[in-house]
Amino acid sequence: MAGSKTKSKSYPQFPSELKQQLPPKEALELMPRDLIEEFGAFVFAKDEDGVKIAARDPNDKFLRRFIDERFGERVVWHIAQEEDLAFLLDNLARNFSEEIGRLADGSAGTNGNIVSLVDRIFRFAFSKAASDIHIEPTREVSVVRFRIDGVLHTLLRLPSDIHNALVSRIKILGNLKIDEYRRPQDGRIELVEFPDLTLRISTVPTLYGEKVAIRVLDDSHKDFSLRSLGFSEAQEAILVRNIEKPFGMIVTSGPTGSGKTTTLYGLLHMVPKEEVNISTLEDPVEYALAGVNQIQVDPRAQLTFASGLRSLLRQDPDVMMVGEIRDSETAIMAAEAALTGHLVLTTLHTNDAPSVFTRLLEMKVEDFTVASTMNVVVAQRLVRKLCQACSKNEKLGSAILQKIKERPDILATLEAMGSGISSLADKEFKTPVGCDMCLQSGYRGRVGLFEVLEMSKTVHDLVLQHASADRIRDAALQSGFRDILADGIDKALAGTTSFAEVLRATRNS
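As a starting point, this report considers the structure included with it. Just so you know, the residues in each chain are numbered from 1, in the order the chain's sequence is written. With pLDDT at 70 or above as the cut-off, local features in this predicted model cover only qualifying residues; side-chain atom pairs require 80 or more to be listed or tallied, and sums for whole chains, interfaces and linings still use all residues. As a rule here, side-chain values cover all heavy atoms of the structure and leave hydrogens and water aside.

1. Section: the overall build of the chain
Put simply, the rule is: Going along the chain from the N terminus, every DSSP run of H or I of four or more residues is numbered as a helix, and every run of E of two or more is numbered as a strand. Burial status follows relative accessibility: with a 1.4 Å probe on protein chains alone, a residue under 20% of its type maximum counts as buried, one over 50% as exposed, and anything between as partly exposed. Two residues qualify as a contact provided that any one of their heavy atoms is within 4.5 Å of a heavy atom in the partner residue. Surface accessibility follows the Shrake-Rupley procedure with a 1.4 Å probe radius. Residue values consider only the protein chains on display as shielding. The sign given to each residue is positive for Lys and Arg and negative for Asp and Glu; His and the chain ends receive no count. Charged side chains are reduced to one point each, which is NZ for Lys, CZ for Arg, CG for Asp and CD for Glu.
A count of helices and strands for the chain gives 22 helices and 18 strands. When each of the 509 residues of the chain is scored for burial, the buried share is 49%. Once local pairs closer than 6 in sequence are excluded, the contacts in the chain between residues at least 24 apart make up 63%. Of the roughly 25100 Å² that the chain leaves accessible, carbon and sulfur atoms contribute 48%. Averaging the locations of the 63 positively and 72 negatively charged side chains of the chain gives two centres separated by 3 Å.

2. A word on the side chain of His163
Which entries qualify depends on this criterion: Counted as a polar contact is a pair of N or O atoms within 3.5 Å, where, for protein atoms, one must be capable of donating a hydrogen and the other of accepting one, and residues adjacent in sequence contribute only when both atoms are in side chains.
Counting through the fold element by element, His163 comes out in helix H8 (residues 163–173). At 2.7 Å, the side chain of His163 and the backbone oxygen of Glu210 are in polar contact. Once residues lying within four places of it in the same chain are set aside, the contact partners of His163 are Ile135, Glu136, Pro137, Ser142 and Glu210.

3. Some remarks on the sheet that holds strand S1 (residues 41–47)
Quick reminder of the rule: Two strands qualify as a pair provided that DSSP identifies no fewer than 2 bridges between them. Helix axes use the C-alpha atoms of the stretch in contact, all axes being lines fitted to C-alpha atoms, and the angles between their N-to-C directions lie in the range 0 to 180 degrees.
Spatially, three strands are ordered S1-S2-S3 in an open sheet, and the strand pairing comes out mixed. The strands lining the two open edges of the sheet, one partner per strand, are S1 and strand S3 (75–79). Averaged over neighbouring strand pairs, the angle between their axes works out to 20 degrees when direction is ignored. Alignment of S1 against strand S2 (residues 50–55), held across six bridges, turns out to be antiparallel. Residue pairing across strands places Lys46 opposite Val51, the latter belonging to S2. Helix H4 (residues 61–70) contacts S1, S2 and S3 of the sheet and is inclined by roughly 150 degrees relative to S3.

4. Quick look at helix H12 (residues 305–312)
The buried fraction of H12 amounts to six of the eight residues, a majority that puts the element mostly inside the structure. Looking at H12, one finds that the buried residues are Phe305, Ala306, Ser307, Gly308, Leu309 and Leu312. Residues of H12 that are buried sit in contact with strand S11 (278–282), strand S12 (293–296), strand S13 (319–322) and helix H13 (328–339).

5. Digging into unusual backbone geometry
With omega at 0 degrees, the peptide bond leading from Asp283 into Pro284 counts as cis. Mapped onto the elements of the fold, Pro284 is located in the loop between S11 and S12. Here Ala129, not a glycine, exhibits a phi torsion of approximately 55 degrees, which is positive. Since its relative accessible area comes to 58%, Ala129 is described here as exposed. In this structure, Gln302 takes a positive phi of about 60 degrees despite not being glycine. Along the chain, Gln302 falls in the loop between S12 and H12.

6. Comments concerning the environment of Phe224
Of note, Phe224 is situated in the loop between strand S9 (209–218) and helix H9 (226–229). What makes Phe224 buried here is its relative accessible area of 10%. Taking C-alpha positions, Phe224 is 9.5 Å from Met270, a pair spaced 46 residues apart along the chain.

7. Comments concerning the sheet that holds strand S8 (residues 197–206)
One open sheet holds the six strands; their spatial order is S6-S5-S4-S9-S8-S7, and the pairing between them is antiparallel. Each having just a single partner strand, strand S6 (151–159) and strand S7 (185–190) make up the two edges of the open sheet. Strand-to-strand, the axes of this sheet are offset by a mean angle of 20 degrees, without reference to chain direction. Note that strand S4 (residues 132–137) and S9 share four bridges and pair antiparallel. What sits directly across from Ile133, in S9, is Ile214.

8. Section: helix H19 (residues 457–464)
The criterion, for reference: Here the arc refers to the set of directions running from the helix axis out to each C-beta atom.
For H19, the set of buried residues is Val459, Leu462 and Val463. Along the axis of H19, the buried positions cluster into a sector of 100 degrees, meaning they face one direction only. Summarising the contacts, the buried residues of H19 are in contact with helix H14 (354–362), helix H15 (367–373) and helix H20 (469–478). Directly after H19, the chain includes His466, whose backbone phi takes a positive value near 55 degrees.

9. Structural notes on the pattern of salt bridges
Convention followed: Here, a salt bridge means any side-chain nitrogen of Lys or Arg that lies within 4 Å of a carboxyl oxygen of Asp or Glu.
Under the counting rule described, the total for this entry stands at 28 salt bridges. Put simply, Asp132 and Arg215 hold a salt bridge, and the shortest N to O gap is 2.7 Å. Of the two residues, Asp132 sits in strand S4 while Arg215 sits in strand S9, which places them 83 residues apart along the sequence. A residue is classified by how much of its surface remains accessible, and Asp132, at 9% relative accessible area, is buried. For Arg215, a relative accessible area of 28% corresponds to the partly exposed category. Between Lys491 and Asp487 there is a salt bridge whose closest N-O contact spans 2.8 Å. Within this pair, Lys491 and its partner Asp487 are both found in helix H21 (residues 484–493), separated by four residues, close to a single helical turn. Several salt bridges share partner residues, and in doing so they unite Asp132, Arg147, Arg200, Arg215 and Glu286 into one network.

10. Quick look at the side chain of Asp149
For Asp149, the location among the structural elements is in the loop between strand S5 (141–148) and S6. Notably, Asp149 is buried but unbridged: the nearest opposite-charge side chain belongs to Arg446, and the N-O separation is 5.1 Å. There is a polar contact of 2.8 Å between the side chain of Asp149 and the backbone nitrogen of Gly445. Leave out the neighbours within four places in its chain, and Asp149 touches Arg384, Tyr443, Arg444, Gly445 and Arg446.

11. Notes on the packing of aromatic side chains
To be explicit about the condition: Centre distance within 6.5 Å is the pairing criterion for rings of Phe, Tyr and Trp, where only the six-membered ring of Trp is used; planes under 30 degrees apart are then read as stacked, over 60 as edge-to-face, and the remainder as tilted.
The final tally for this structure, using the stated rule, is eleven aromatic pairs. With 6.2 Å between their ring centres and 40 degrees between their planes, Phe124 and Phe146 make a pair best called tilted. In this pair, Phe124 sits in helix H7 (residues 111–127) while Phe146 sits in strand S5, placing the two residues 22 residues apart along the sequence. The class for Phe124 is buried, based on a relative accessible area of 6%. Taking relative accessible area as the criterion, Phe146 reaches 0% and is therefore assigned buried. With 5.5 Å between their ring centres and 90 degrees between their planes, Phe224 and Tyr265 make a pair best called edge-to-face. Of the two residues, Phe224 is situated in the loop between S9 and H9 and Tyr265 in helix H11 (residues 260–268); the sequence distance between them amounts to 41 residues. Aromatic ring contacts, followed pair by pair, group Phe14, Phe42 and Phe44 into a single cluster.

See the structure below:
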């Protein structure tokens, strides 16, 4: 048999340097997506000498017959691993709108098409690592938007007459009342096919129908290590020595959606679970942590952060995480718990790390308690990471340089770093371009910008004096403290993110 000859032949592996990036467009267009799925093979290079093909099984006789008939030219075969094919199919631009359009056109009164429509929307959101799905009714159409890397992208505009059926299908999956459309509802969807994914559903009535917001919680790709979150080696060292302390407070601060709770999860992962009792109060519980007692706050059952904290103190805790300090009662109780021998991790809404001290004083926590219990404060923002498949080196544009000139805080930070606007203008930086892998945005994934302020004798004394946040910041900067702006500039210089992202994320810090 012809096949027996080829089976003895060994083929090189798909080149490791080409993994995690899409082949050139001219190569990909030689095999449609359905054939890639059918044969488990794809073309990854083409030149005047022929084509290079990576295949799950280069000896497949049907694949070889197809390739011979289609190309009739020299073929260099490589072996593709399952992860190579999965990466390609997950990121290959499919004509998603046409695919959905065919389902939507036949959906009126057809349950099967509505089921498939919802399924396709979910699957596409998962493939693009969307954190949220929004389905919004308007007068003319139903708009489907995905939040990817913190930014909403409009992916679909569906006929308005199928909106109600679409919402009903999602309600059924989330165990919500389909006949209740005048009041907000909340639910969850556990996916059998995707056990690491959970969907949190929220519906609200609007002028043209119910709006659905779906939060996608994905445990499978969550890396809570501090370095993966974006902390520098020096920042990580500060946090490591403070999470090892038996009591005190660690506070993360920043606006909503800046990753504060994720940072606390990262710190909890470092605590030895067998040796201590760890409990959390969260609203909501987003990720399940092994070895941690996680409690969902429920005001309807009189389980608030304050009442829950009071109950936790009777549970012999060593480490407690309080999802958010929202009022004076919770602030005072958390600080007193830290004062009496517990390690308390929590979050607070302030613009920067020094403001945490003044905010706690405003919330009626005694100055000596704040000064005695605070171990370290982290302030943070999230920025999008540059897509490594398409970013390119070039000088900063005139618009970006002008924005930097208009920001005295950035100019001061650059001067403190031994740089200036003229040196920036002469350098090349990685900048976004846009490709199929990043939905033409130029960005893929997110990383944190951080400032980590550890309690020192100087800061301790300033808190007792009720000093302003600016005075605390100035004193900390003289002692080597690096703020969010400096961290952002470092990450732009390193090519992790762009200067445009740093400007956007720090404009109110």
